[in-house]
Amino acid sequence: MSTLPILQINNVRLGYKQGRDFKTVVDDFSMQVPAGEIACLLGPSGCGKTTVLRAIAGFEPVYAGRILLEDQVLSEFDRMVEPEHRRIGMMFQDYALFPHLTVEQNIGFGLRKARPEQRRQRVDELLALVRLSDLRERYPHELSGGQQQRVALIRSLAPAPRLLLLDEAFSNLDTEIRQKLVVEVRSILKQSGISAILVTHNLEEAQAIADHIGTMKDGQLCAWQRRTQADIAA
Amino acid sequence: MTVPVQAALSSTHRWPPSQWVAACLALCVLAPVLVLAALAFSGEFGHWQNLLQHVLPVAVSNTALLLLGVGVLTALIGGGSAWLTSAYLFPTRKLVTWGLLLPLAVPTYIMAFAYLDVLHPLGPVQTLIRDLLGYTSARQFRLPDLRSMPGAIMLLGLVLYPYVYLSVRVMFMTQAASLLEAARTLGCSRREAFWRIIVPLARPAMAVGLSLVLLETLNDIGASEFLGIQTMTISIYTTWITRSNLQGAAQIAIVMLAVVTFLIYMERYARRRQRYAITQRMHPIQPVQLRGLPALVAMLLGWFPIVAGFIIPFWFLVNESFKRLSSLQAISAELLKATWNTLSVSLTATVVTLAFGLVIAWSARYARSGTARLLARCSSLGYAIPGTVLATGLLIPYSWLDRIISSVMNTLAGIPPQLFIMGSAAGIVCAYTLRFMAISVGSVESGLARIPPSLEQASRSLGHSAFQSFVRVHFPLLRPALGAAALLIFVDAMKELSATLLLRPLNFETLSTWLYAEAARGTYDEGAIAALIIVFAGLIPVILLARTQLKANY
């Protein structure tokens, strides 16, 4: 059953200015992500998939077309909502955990407007979700790669974003841990009902996590596949 | 060929020759410190009491004030300009980004030398201000005297801030972007992210830059002398030169070494945190385009340290040199001699330092023992020891060595007794070698770290000995690192003043001591030309640094 789209990208053009010229990276790109579902953009390095993700997050301007989240226009030509006002979470390839803050402080970072007891409760819940409650006092460098990945995931989930973006979030892990974590992340996202977009160049990873797989090549979306529960389980 | 097990085992326990060289050099660096400690605590307690009552309170409080002031000023200018050039786009930003490094080419004593004339009550700046305000004489209007603590803080701050700028900017360019973006996806505005992420993250890099600034401030002798600030360095110098009290000088030097130890501890502590602050993906912060008034303000802020820290003193030196040259028609024989002395001493010190650095770094890599690494660290300690302290500590070992060499030469060759080290430039070359060994060891170590062990293994498997492999594989690959180190050592040696002042033989002048003597006499005659030669030499590594460090980060 397909629900209404939470994210709509309509005929977007992305790129950068090089002197007086404009270099197009992504052109006439459109996609929709239904609420509560996980989409994946798959493609080789340099195909523009990370640029699309960064544009959704608000780090890249849109030169044509528009990006909408829950019918709110986030980006269009010459106009964009600041990243901090989008309520879109992002998980980075290098996790971007703040090295000067403990695990607990990292997770609570996006909850600064919550009351201290509420913040603590939310952090506790999230730590329990990924079974890392014992490591709350540790600093990022004292965690393994898999643990850092989980902390980065729950940090981005903590402020209850409307959409979660994952930028090659599993690429720094070895195969065994990656396979486990992909399944775990899918189940956490489904439990929390958060829509997500994953960017990857790994087909297996995409097949294990996504409800929709979009294939990109040279800045264009060349295929969009809706997957069934049976496909994902297989 | 097979080697008996016993022989193979015993050979692994024997020190290779390179490690012996490293040990000798480490001993040479430690010797002055040990001599100073022995000297400081050997005399009567009364000496200490006198020192504590009359000398140290003024010297320590002046030094502390100077360190504090220069620290705050360089943190503000260096940290602020690093953020300005990383986070904002404004007209001339590229030029500002590398121009901010230029004051590195101006030694502190040349800065003071230039500004004392530029800001003299009868100098160009004050005359212009008086003309604009309608005053006719210096009695009616004059700016506050530069020969004061605020004056010294300002001048030292304006030439030393690039140490902070460089280390903080590299941190911004390599690490800050993804963390800043992560903070913004978690609801922080740019301003909030600056205070909550950028400032705490910049602290380790700031501390590293600041420790270099403070070591340079401690090392300074010329600027403090010209500006009349009685620092600990000046106290050591005057206690020995004016009062011939070596023990008193050693006592002040020991107190100074305690300050240095604290600064090094601070730097190490900061680096320990920096180690885990490195993230894997490196991409610079996306700068914000400024337009209109904000762009103008950013441009003015960016240009201010360049104009005050480089363009004004440089323009003054060029102008003065041109005036001297056109009136004298030729450079004096004394200045030519001082230039020759400077070049020959610096070049010799560069070659010796590089050769030792190569041996020590090689030993540390291949001995694979804690001892070899410890020796490499010990032999690099000289960089942190202020020149005046090192020179004071070397006086006694030098006179011992002179006595030994003299009696040996007398017995063997019948040469009449003379000072072979103290009476020649050899003493200065040795001091430079000890002081700049860290540059050589550090460069070679980082160069070697980039050469994978598999290259040597391949060479050995193709029939080359360890030495042949070094000559044919490592040396060509190390050439860029050695070239960079040679340049830095050469220029640092050319600029060196504090140790040279104490260790030079009679009637032996280098460009820096020539300049010091001119300024001390207040004659300024050819001082500007000497200063200009030093600044031009200093510009070469700064330009190369700007090209290599900043190019990749645009």
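These figures come from a predicted structure and were not determined experimentally.

A. Representation of the nonpolar core within the structure. With 195 residues, the main nonpolar core has Leu-7 and Ile-197 of chain A as its most contacted residues. The element contributing the most residues to this core is helix α7 (residues 149–185) of chain B, with 20 residues. Per-domain counts for this core show at least three residues from each of domain 1 (13–37 + 327–554) and domain 2 (43–323) of chain B. When neighbours within four sequence positions are excluded, Leu-7 of chain A is seen to be in contact with Met-31, Gln-32, Val-33, Ile-56, Ile-67, Leu-68, Leu-69, Leu-163 and Ile-197 of chain A.

B. Geometry of the domain arrangement of chain B. All names here are of chain B. Domain boundaries assigned for chain B yield domain 1 (13–37 + 327–554) and domain 2 (43–323). Relative placement of domain 1 and domain 2: their C-alpha centres are 26 Å apart. On the domain 2 side, the residues contacting the 42 residues of domain 1 number 48 residues. Taken together, both faces of the contact between domain 1 and domain 2 bury some 4200 Å²; the carbon and sulfur share is 78%. Summed over the shared surface of domain 1 and domain 2, the result is zero salt bridges. Between the two partners, domain 1 and domain 2, sit eight residue pairs in polar contact (both at pLDDT 80 or more). Put simply, the parts of the chain that give the side of domain 1 that touches domain 2 at least two residues each are α2 (17–42), α15 (387–413), α19 (498–503), α20 (511–521) and α21 (527–551). The element contributing the most residues to the side of domain 1 that touches domain 2 is α21, with 15 residues. Of the residues contributing to the side of domain 1 that touches domain 2, the split by class is 30 nonpolar, 10 polar and two charged.

C. Spatial organisation of unusual backbone geometry. Residues and elements named next belong to chain A. Non-glycine residue Ala-96 carries a positive phi angle of around 50 degrees. Position of Ala-96 relative to the elements: it lies in the loop between β7 (88–91) and α2 (103–108). A relative accessible area of 0% places Ala-96 in the buried class. Unlike most non-glycine residues, Asp-218 shows phi in positive territory, near 50 degrees.

D. A look at the sheet that holds strand β9 (residues 195–200) of chain A. All names here are of chain A. The strand order across the open sheet formed by six strands is β7-β8-β9-β3-β10-β11, and the pairing between neighbours is mixed. Strands with a single pairing partner mark the edges of an open sheet, and in this sheet they are β7 and β11 (220–226). When strand polarity is set aside, the average angle formed by the axes of neighbouring strands in this sheet is 20 degrees. In the sheet, strand β3 (residues 38–42) pairs with strand β10 (residues 212–217) via four bridges, with the strands oriented parallel. When the bridges of β10 are listed, Cys-40 appears paired with Ile-213. Taken strand by strand, helix α1 (residues 49–57) contacts β3, β7, β8 (163–167), β9 and β10, and its axis lies near 150 degrees from that of β8. The sheet strands contacting helix α5 (residues 175–192) are β3, β8 and β9, and the helix crosses β3 at an angle near 140 degrees.

E. Local environment of the sheet that holds strand β1 (residues 5–18) of chain A. Residue and element names in this part refer to chain A. The sheet built from five strands is open, its strands ordered β2-β1-β4-β5-β6 with antiparallel pairing. Sheet topology places β2 (21–34) and β6 (79–80) at the edges, where each strand pairs with a single neighbour. Sheet analysis places β1 next to β2, joined by 10 bridges and oriented antiparallel. Residue pairing in the sheet places Leu-14 in a bridge with Val-26 of β2. Across the sheet, α1 is in contact with β1, β2, β4 (64–69) and β5 (72–76); its angle to β1 comes to roughly 110 degrees.

Thresholds, definitions, all that
- Residues numbered from 1 in each chain as written.
- Chains lettered and ligands numbered in written order.
- Predicted model: local features only at pLDDT ≥ 70, side-chain atom pairs only at ≥ 80, totals over all residues.
- Heavy atoms only, no water.
- Core = buried A, V, L, I, M, F, W, Y, C linked by side-chain atoms within 4.5 Å.
- Buried < 20%, exposed > 50% of the residue type's maximum accessible area, 1.4 Å probe, protein only.
- Helix = DSSP H or I, 4+ residues; strand = E, 2+ residues; numbered from the N terminus.
- Domains from an automatic or database assignment.
- Contact = heavy atoms within 4.5 Å.
- Buried area = accessible area lost by both parts, 1.4 Å probe.
- Salt bridge = Lys/Arg side-chain N within 4 Å of Asp/Glu carboxyl O.
- Polar contact = N/O pair within 3.5 Å; in protein donor to acceptor, adjacent residues only side chain to side chain.
- Nonpolar A, V, L, I, M, F, W, Y, C, P; charged D, E, K, R; others polar.
- Pairing = 2+ DSSP bridges.
- Axes fitted to C-alpha atoms, helices over the stretch in contact; angles between N-to-C directions.

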